[in-house]
Amino acid sequence: MAEPGEDAAAAAAAASTKYVLITGGVVSGLGKGVTASSVGVVLKACGLRVTCIKIDPYLNTDAGTMSPFEHGEVFVLDDGGEVDLDLGNYERFLDVTLTRDNNITTGKIYQSVIEKERKGDYLGKTVQVVPHVTDEIKQWIQSVSSVPVDGQTRPADVCVIELGGTVGDIESMPFIEALRQLSFSLGKDNFCLIHVSLVPVLGVVGEQKTKPTQHSVRELRALGLTPDLLACRSAQPLIGSVKEKLSQFCHVPVENILNIHDVPNLWHVPLILRNQKVHEAIIKQLNLGRSAGPPELRDWTQMAESYDDLKNSVKIALVGKYTNLTDSYLSVVKALLHASVACSLKPSIQWIAASDLEDATATSAPDAHAKAWETLKGSSCILIPGGFGDRGISGMILAAKYARENKVPYLGICLGMQISVIEMSRNVLGLKDADSEEFNSETPSRVVMYMPEVSKTHMGNTMRLGCRRTFFRRTDCLTSKLYGSPEHVDERHRHRYEVNPSFVAMLENAGLHFVGCDESGKRMEVVELQDHPFYIGVQFHPEFKSRPRRPSPPFTGLILAAAEYMGTPANNSNGHVGTSE
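The structure presented is a predicted model; accordingly, all values stated were derived computationally and were not measured.

What follows is about the pairing of strand S11 (residues 346-353). Looking at chain direction, strand S10 (residues 313-320) and S11 are connected through 8 bridges and run parallel. Bridge pairing links Ile-316 to Ile-349 in S11. Taking the sense of rotation as the criterion, the β-α-β connection linking S10, helix H13 (residues 330-342) and S11 turns out right-handed.

Here is the structure:
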C-alpha cells in the first residue's frame, strides 16, 4: 500500500481510472466473481485496459489461515499474497498479474487504521468508522487501481471492484458507505454499479419471481447506492415481461437489465454479456466512447464453442483431502480444464477422498473403500494436489504406489510430490519409517523436512510463498521438454516442508530423479520416475499460472500421457505443450 505521502500522487494517477462496482443481493454464491471477470473480458475486448479489486468483508487479514472447507482454495499470487479464489478468476479471464493489495479485507483496513493511530497520524482525533475507516478504504481502492497489472506503465482505464457477501450484511457496511462516498466524489461519469441478483422460479407456480430482486435493490438504494445495471441470475432466459417489471420497480432501464442464465460452460458468460450489449451501457455511463471500440471476442467465442463440441473425455482421478468441496481445488480443476481442451478432450474428474483408499476404511466403510479403488483403477491418470495435515496421507501413498507400479500417468503437486518421495522411500528403499516431519517429527527417516528459515510458532506468512525460480538440472528431462526446454521456469509456491537433501542421492539411485531445484541446489523442485511413461512431482503449484489459452505444461503433459494411456489421439498444434511464463 502507498504511504500517506504518496496519497496525492496515487489519487492523481487514479483520476483517469473509471470504476465498475459489482454487488450481490438475495443470496450468496450467485457468481459475482465470474460476472466481474466476464465484464472485464468484454471491456478488455473493446480495447480498454482493465484491473480488478476484490473486497472481502471478513476480519482475517488474508485467506492464508482459512480452511478450504469454509472458504474454498487459497489462491497465491506472484508476490506471495494469499488471497481469495476470485482473484484467480480475474487472472485467468483477463490474463493479468495481480498483487496482494488487489484483495482488500476488513482485517487489512483495520490493521492499517490502528497502525496509523498508534503512530499519531490522526493528530489526537477520535478515530471512527466514518471518516477514518471509510477514508482508508477509499484511499486503498484509488491507490491499488493506479497500479498497472498488464505490464504497462500507466494506470488502467477501468477498475472492476467486486464487493463480497450480500448487500445488507453487517460486516460490509463500512465498505458500502465508503463506496457511496467514492461514487459521489467521482461523479456519474466515473462510477458504474452493477447489482447481481437472483430471479428464482417457484416449483409450484413455474413463474420467474422478481420480488427478491426488488427488495435487494431497495435495500441497496436505502444505503445510498443506486444500480446502473442489473445482472439477473436465472436458470432460463428472462421473459420480456419480467424485465419490464424489474425496470419499473428497480428504476433501471430495460436495456440495462442483463440476464446471466445457466450455460454449458463459464466461458459463455462474457459472450452472453456481449450479446446483451453490456459494453455499450458501461461505456456510455463512463463516457469512454473515444477510448473503446466494438468488442473483439472471436478467439474467446471459438474457445467456448470448441469445448461444447468436444466428444471424447479423459478420466482423471483427483485424490485429495477436501473433495467434499470442489472449490477447495478450483485452480487445479481449471488447469485440468485448460489442459484437456488444449488436447481436444473433456476433463472428467473422478473425486476420490484419500482416506477412502486406506486399509482402515475397508473395515469401517467397506462400500466406500471398494468404490474408491474401483474409481482409481478406472481412471486414465492420477493427480494428488497440495494440502496440509496428516489426514488421508496413507491413502495418497497407496495411490502413488498404484500409479508407480502400474505405469499409470501421475502428477503430484506440492504435497503430492512429497507423497511420491515417501512412497518410494518406504516401498523401494525399504525405509519403513520414512515420513514427513509434518506427520511424524520423531521418525529417523525424515525424507521430508521442515523449512529451516521460517517460524514454527506464528501462523500466516510462515511458508515459502510466491513466484520462485526453478532451474533444471537436466534440460533433456521430460518436465523441461514440456516447458519448451528452457534453463529455468518461474512458478508459484505455497509450502512449509521440502525434500530432505540427505536422502536425494539414495532416491536417485533407486530411480527417482530430482531434475529441478532452486538456485542453491538444495531445495528439490521437480522429480521424475525413471522407466515410467509419466510420473512427475513438482514442489511448486503450476495451477496458479494456468490460463485458458496457455495451459500449464505439467497438466498438459499429464493429459497427453493419459490420452496415450487410453489410446485416444490428442491434438497438439504447438510443437510443445507449453511455454515458460
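Let us look at the packing of helix H16 (residues 393-405) against helix H17 (residues 415-427). Between H16 and H17, the least distance of the axes is 9 Å, while the angle of their chain directions is 75°. In terms of orientation, H16 lies roughly perpendicular with respect to H17. Residues Ile-393, Met-396, Ile-397, Ala-400, Lys-401 and Arg-404 of H16 pack against Leu-415, Ile-419, Ile-422, Glu-423, Met-424, Arg-426 and Asn-427 of H17. Looking at the contact of H16 with H17, its residues break down into 8 nonpolar, 1 polar and 4 charged.

Over its 14 residues, helix H5 (residues 106-119) extends 20 Å from the first C-alpha to the last, a length consistent with the 20 Å expected when each residue adds 1.5 Å. Inspection of H5 places Thr-106, Gly-107, Lys-108, Ile-109, Ser-112, Val-113 and Lys-116 among the buried residues, and these make up the whole buried set. As for H5, its buried residues are in contact with strand S2 (50-56), strand S5 (103-105), helix H6 (129-145) and helix H7 (173-186).

Along the polypeptide, Leu-482 turns up in helix H18 (residues 478-482). The spatial distance from the C-alpha of Leu-482 to the C-alpha of Tyr-450 is 30 Å, given a sequence separation of 32 residues.

Here we come to unusual backbone geometry. The linkage connecting Val-130 with the following residue, Pro-131, adopts the cis geometry, with an omega of 15°. With respect to the element layout, Pro-131 can be found in helix H6. Within the chain, Asp-95 stands out as a residue other than glycine whose phi angle is a positive 55°. Mapping Asp-95 onto the fold places it in the loop between helix H4 (86-94) and S5.

Quick look at empty space enclosed by the protein now. Throughout the structure, instances matching the rule amount to 1 cavity of 30 Å³ or more. Space inside the largest cavity adds up to approximately 50 Å³. Gly-387, Phe-388, Cys-414, Leu-415, Gln-418, Glu-438, His-495, Arg-496 and Tyr-497 are the residues that line the largest cavity. For the lining of the largest cavity, a count of residues per class yields 4 nonpolar, 3 polar and 2 charged.

On to the layout of surface pockets, then. In this structure, the largest pocket occupies an estimated 1,200 Å³ of space. Lining the largest pocket are 45 residues, and of these Gly-29, Gly-31, Leu-85, Asp-86 and Asp-327 sit closest to its centre. Looking at the lining of the largest pocket, the elements that each hand over two or more residues are helix H2 (32-45), S2, helix H3 (68-71), H4, strand S9 (257-261) and H13. Tallying contributions element by element places H13 first for the lining of the largest pocket, with 5 residues. Residues lining the lining of the largest pocket come from more than one domain, with at least three contributed by each of domain 1 (16-304) and domain 2 (310-567).

This part is about the packing of aromatic side chains. What the rule picks out here adds up to 9 aromatic pairs. Measuring from centroid to centroid gives 5.8 Å for Tyr-322 and Tyr-329, while their planes differ by 35°, and the two rings are tilted. Tyr-329 carries the same exposure label as Tyr-322, and that label is buried. Arranged with centres 4.5 Å apart and planes meeting at 20°, the rings of Tyr-410 and Tyr-535 form a pair that is stacked.

A word on the sheet that holds strand S13 (residues 410-413). Spatially, S11-S10-S12-S13-S21-S20-S19-S16-S17 is the arrangement adopted by the 9 strands of the open sheet, whose pairing is mixed. The two strands at the open ends of the sheet, each matched to only one other strand, are S11 and strand S17 (488-495). Ignoring strand direction, the axes of neighbouring strands in this sheet form an average angle of 30°. As defined by bridge partners, strand S12 (residues 381-384) adjoins S13 across 3 bridges and the pair is classed as parallel. Bridge pairing links Leu-383 to Leu-411 in S13.

Counting all residues, the mean pLDDT for the protein is 91, and 93% of those residues have values of 70 or more. Predicted confidence is poor over residues 9-14, with pLDDT under 50, and the contacts of this stretch with residues over four places away or in other chains come to 9 contacts. Here residues 573-581 scores under 50 on pLDDT; set against residues more than four positions off or in separate chains, the count is 24 contacts.

Moving on, we get to the domain arrangement of the protein. Split into domains, the protein comes out as domain 1 (16-304) and domain 2 (310-567). Just the C-alpha atoms count here: the centres of domain 1 and domain 2 sit 35 Å apart. Taking both partners together, domain 1 and domain 2 bury about 2,400 Å²; carbon and sulfur atoms supply 56% of that area. Between domain 1 and domain 2 we count 6 salt bridges in total. Across the salt bridge formed by Asp-95 and Arg-550, the nearest N and O atoms sit 2.6 Å from each other. The tally of links between domain 1 and domain 2 comes to 12 residue pairs in polar contact (both at pLDDT 80 or more). Elements that contribute at least two residues to the side of domain 1 that touches domain 2 include exactly H3, strand S3 (75-76), H4 and helix H12 (298-309).

Cut-offs used in this document
Residues numbered from 1 in each chain as written. Predicted model: local features only at pLDDT ≥ 70, side-chain atom pairs only at ≥ 80, totals over all residues. Heavy atoms only, no water. Pairing = 2+ DSSP bridges. Helix = DSSP H or I, 4+ residues; strand = E, 2+ residues; numbered from the N terminus. Right-handed = clockwise from strand over helix to strand, strands pointing away. Axes fitted to C-alpha atoms, helices over the stretch in contact; angles between N-to-C directions. Parallel < 35°, antiparallel > 145°, perpendicular 65-115°, else oblique. Contact = heavy atoms within 4.5 Å. Nonpolar A, V, L, I, M, F, W, Y, C, P; charged D, E, K, R; others polar. Expected span 1.5 Å × (residues − 1). Buried < 20%, exposed > 50% of the residue type's maximum accessible area, 1.4 Å probe, protein only. 1 Å grid on protein atoms, 1.4 Å probe; cavity = no way out; pocket = protein on both sides within 12 Å on 5 of 7 lines; lining within 4 Å. Points joined across faces, edges and corners; volume = space filled by probe spheres on them. Domains from an automatic or database assignment. Phe/Tyr/Trp six-rings, centres within 6.5 Å; stacked < 30°, edge-to-face > 60°. pLDDT = per-residue confidence, 0-100. Buried area = accessible area lost by both parts, 1.4 Å probe. Salt bridge = Lys/Arg side-chain N within 4 Å of Asp/Glu carboxyl O. Polar contact = N/O pair within 3.5 Å; in protein donor to acceptor, adjacent residues only side chain to side chain.

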